[in-house]
Every structure is written in structure tokens, then in C-alpha cells.
Amino acid sequence: MPGKLKGKNFISIHDLTSEEVQFVFDTTKLLKMEERMGIRRPILKDKTLGMIFQKSSTRTRVSFEIGMNQMGGKAIFLSSNDIQLNRGETVADTARVLSRYLDGIMARVFGHDTILDLAKYSSVPVINGLSDFLHPCQAMADFYTMLEKSGKLQGLRLVYVGDSNNVSNSLMMAAAKTGVHITICSPQGFTPSDVIMNWYNQDAPSTGSTFHFTPDPIEAVKDADFIYTDVWASMGQEAETEKRRQIFKPYQINDTLLQKAPSHCLVLHCLPAHRGDEITNEVMDGPHSIVFDEAENRLHAQKAIMALLMQ
Ligand code: CP
Ligand code: NVA
């Protein structure tokens with residue numbers, strides 16, 4: 001099963017080839033089907049994943065830990081408040097030491113440099129469980145969910161409405177690798193960074209993915225197969241919550257906006273949602289919402305990633 005990803009890090013979808021991305025989806029499908037049939041193979045028997053968290057988490061923490069358990073391994077939760085990282089031990093030394101005990105490290109961090117440093121100094125695979133810049137495990141689960149619902153990815157239209165952030169950055173990377181057309185709909189001044197645009201422009205030509213930016217939500221959703229949103233203030237931006245609420249108010253996913261989209265359009269959200277801000281209860285709990293299937297697929301997609309990297 002491991003193939004070419006064995007021993008590698010999973011930091012950004014940009015680092016993978018389109019074939020490797022597809023291989024993760026194929027493995028996700030297999031592992032999800034086996035789980036549904038009650039088959040659990042000890043693919044990662046006796047392997048241990050360390051999970052460093054500088055930020056809160058429900059889905060990432062639980063799905064990685066359960067994923068390891070289901071594959072016969074173990075996971076250790078390492079809150080950054082409790083390990084010596086918090087008292088000044090360097091990221092490099094932490095990575096060197098943890099590599100002597102663990103078979104893989106998953107980390108959720110503030111600065112993206114922390115993930116890069118962990119990867120640089122670790123001798124075991126490092127998985128990005130979210131940084132301020134990227135959330136690649138999320139995007140893999142999201143695209144797998146779109147694939148499940150549509151039977152294909154190539155040519156689909158994904159419209160992200162809201163704050164251009166770590167989640168939308170990773171969605172752009174996944175779109176570029178899979179031939180999905182992506183629209184980012186954010187207020188002017190919240191466009192994707194130059195780094196993201198450069199990576200996107202490197203990867204998109206080979207798959208036929210196209211990029212569109214518009215500040216107008218109604219224009220954005222008119223041909224959407226999938227609409228995606230995320231919180232307006234990400235972890236670390238709590239002080240800006242009120243200011244951002246005012247800026248992003250016109251970008252709420254509500255029934256009025258959904259009526260402007262094709263009737264087959266489905267709605268994604270990485271969760272946690274701030275109901276009443278970026279998405280209404282009616283949409284979250286309505287017939288177009290696939291947010292809980294999406295959350296479940298975090299488990300299956302991450303099992304595939306861990307199996308391919310750590311086996
Ligand atoms: N979507 C996501 O990463 O959720 P958590 O913050 O709960 O891990
Ligand atoms: N953009 C959000 C995603 C949470 C899963 C954040 O970084 O807080």
C-alpha cells in the first residue's frame with residue numbers, strides 16, 4: 001500500500017503529484033469501505049503517532065487518534081502547554097527527540113515555519129494538522145467528499161465564500177492538483193497570497209483547473225456545484241472577531257444566497273461553524289448541507305495519509 005509516499009512529510013498538497021493525491025483518495029475509499037464492512041487491518045500495528053497541539057481541536061485530535069487505533073497503532077496527545085516547547089525548548093530539539101520515540105508526528109501550530117522546522121529536524125514523517133497558512137488534511141477530506149458525492153472531481157466548480165485563509169489556501173492547492181475549477185469570493189483585500197497564487201499557477205495548467213476571484217457572492221455561486229465556507233476569524237484572530245463580523249456580513253451562506261446557486265449545489269464547511277455568522281442554521285441543517293459527511297471523511301482520509309506515510 002505505501003508506494004511513493006512512504007517516509008515523506010505531509011505539509012502541503014502542493015508537494016504531492018496529482019497521481020499521489022489520487023492515490024490518497026483511492027486508499028481513503030478502500031479504508032472507508034473496509035471500515036463499513038467491519039474489517040480493520042493492523043496496518044500500523046505497534047506504531048505510535050505523536051500529536052502536538054498549539055491550538056484547540058475536536059475533529060483533528062479525535063479523528064487522528066481513532067484512526068491510529070483502528071489501524072492497530074496508538075496516538076499520544078501532546079498539548080504544547082504541557083511539553084517543554086512551551087518553556088523554550090526549540091522546535092528543532094523537540095523534533096529530534098520525538099523522532100527517537102515516535103513513528104510519526106502530527107502538529108497543529110500557529111506559524112507555518114513551526115511545521116517546516118519540525119519536518120526539517122524530524123526523522124519520522126510530519127503531518128500538518130493545520131497551520132495559520134494551510135490545512136491540507138482538511139482539503140483532502142473535502143475533495144474526497146466531493147468525489148464521493150459527484151463520482152468525479154475533474155471539471156467540478158467549487159466556490160469558497162468568506163475569509164481567504166488556511167482552509168481556502170489548501171482548497172486551492174487541491175483544486176490545482178485535481179482539475180477542479182475554484183472561485184474565491186472574499187472582500188477586496190482578502191485575496192490569496194502571492195505564494196498561494198504562484199503554487200496554484202504552477203500546478204493548475206496540467207489538470208485544467210481554473211481560478212476566479214470575485215468579491216460578489218451572488219455572481220460567485222451562480223454555477224457552483226459546491227459552496228464552501230469557514231469562520232470569519234480563525235484561531236489566533238479572536239481579537240478581530242467583531243471587526244471581521246462587520247466586514248464579512250455580506251458573505252453569509254444563507255437560504256437567500258443558496259437560491260442563487262444551481263439546485264444541485266451542496267454546501268461544505270470544515271467546522272467548527274459559527275452558526276449565524278458565516279452560515280445559518282437553515283443551511284447547516286438543510287438538505288444541501290454535507291458538513292457531517294465531510295467531518296466523517298477526515299477520519300478516512302487521514303487514515304489513508306497515515307497508512308501511506310508511516311507503514
Ligand atoms: N476542521 C477542523 O480541523 O476541526 P478541529 O479544529 O475541530 O480539529
Ligand atoms: N480557519 C479555521 C479552521 C479551523 C479548522 C482556523 O484556522 O481557525
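Scroll up a little and you will see the structure.
The shown structure was predicted, so the numbers you read here are calculated from the model rather than taken from an experiment.

Calculation rules
Residues numbered from 1 in each chain as written. Chains lettered and ligands numbered in written order. Predicted model: local features only at pLDDT ≥ 70, side-chain atom pairs only at ≥ 80, totals over all residues. Heavy atoms only, no water. Helix = DSSP H or I, 4+ residues; strand = E, 2+ residues; numbered from the N terminus. Buried < 20%, exposed > 50% of the residue type's maximum accessible area, 1.4 Å probe, protein only. Contact = heavy atoms within 4.5 Å. Areas by Shrake-Rupley, 256 points an atom, 1.4 Å probe, with all protein chains shown as cover. Lys, Arg positive; Asp, Glu negative; His and termini not counted. Charge placed at Lys NZ, Arg CZ, Asp CG, Glu CD. Near = heavy atom within 4 Å. Polar contact = N/O pair within 3.5 Å; in protein donor to acceptor, adjacent residues only side chain to side chain. Nonpolar A, V, L, I, M, F, W, Y, C, P; charged D, E, K, R; others polar.

Peer 1: Before we move on, can you summarise the overall build of the chain with the specific residues and values?
Peer 2: Check the secondary structure of the chain and you find twelve helices and nine strands. C-alpha atoms of the chain, sized along the principal axes, occupy 55 × 45 × 35 Å. Looking at the chain as a whole, 58% of its 311 residues are labelled buried. A separation of at least 24 residues holds for 76% of the contacts in the chain among residues at least 6 apart in sequence. With an accessible surface of roughly 13000 Å², the chain has 51% of that area assigned to carbon and sulfur atoms. Of the side-chain charges in the chain, 32 are positive and 36 negative, and the distance between the mean point of each set is 5 Å.

Peer 1: Can you explain the site of ligand 2? Please cite residues and give values.
Peer 2: The immediate surroundings of ligand 2 are formed by Leu130, His135, Asn165, Asn166, Val167, Asp230, Val231, Ser234, Met235 and Leu271. The side chain of Asn166 places a nitrogen or oxygen atom 2.8 Å from an oxygen atom of ligand 2. Met235 is positioned such that a nitrogen or oxygen atom in its backbone is 2.8 Å from an oxygen atom of ligand 2. Contact with the protein chains removes 95% of the 270 Å² of surface that ligand 2 exposes when unbound.

Peer 1: Tell me about the site of ligand 1, and name the residues and values.
Peer 2: Around ligand 1 lies a shell formed by Ser57, Thr58, Arg59, Thr60, Arg108, His135, Gln138, Cys270, Leu271 and Arg298. Expressed as a share of its isolated accessible area of 250 Å², the protein-covered part of ligand 1 is 95%. Residues that form the shell around ligand 1 fall into these classes: two nonpolar, five polar and three charged.

Peer 1: Which residues make up the side chain of Thr183, and what values go with them?
Peer 2: Locating Thr183 in the fold gives a position in strand E6 (residues 181–185). A residue is classified by how much of its surface remains accessible, and Thr183, at 11% relative accessible area, is buried. Setting aside chain neighbours within four positions, we find Thr183 in contact with Leu158, Val159, Tyr160, His212, Thr214 and Ala220.

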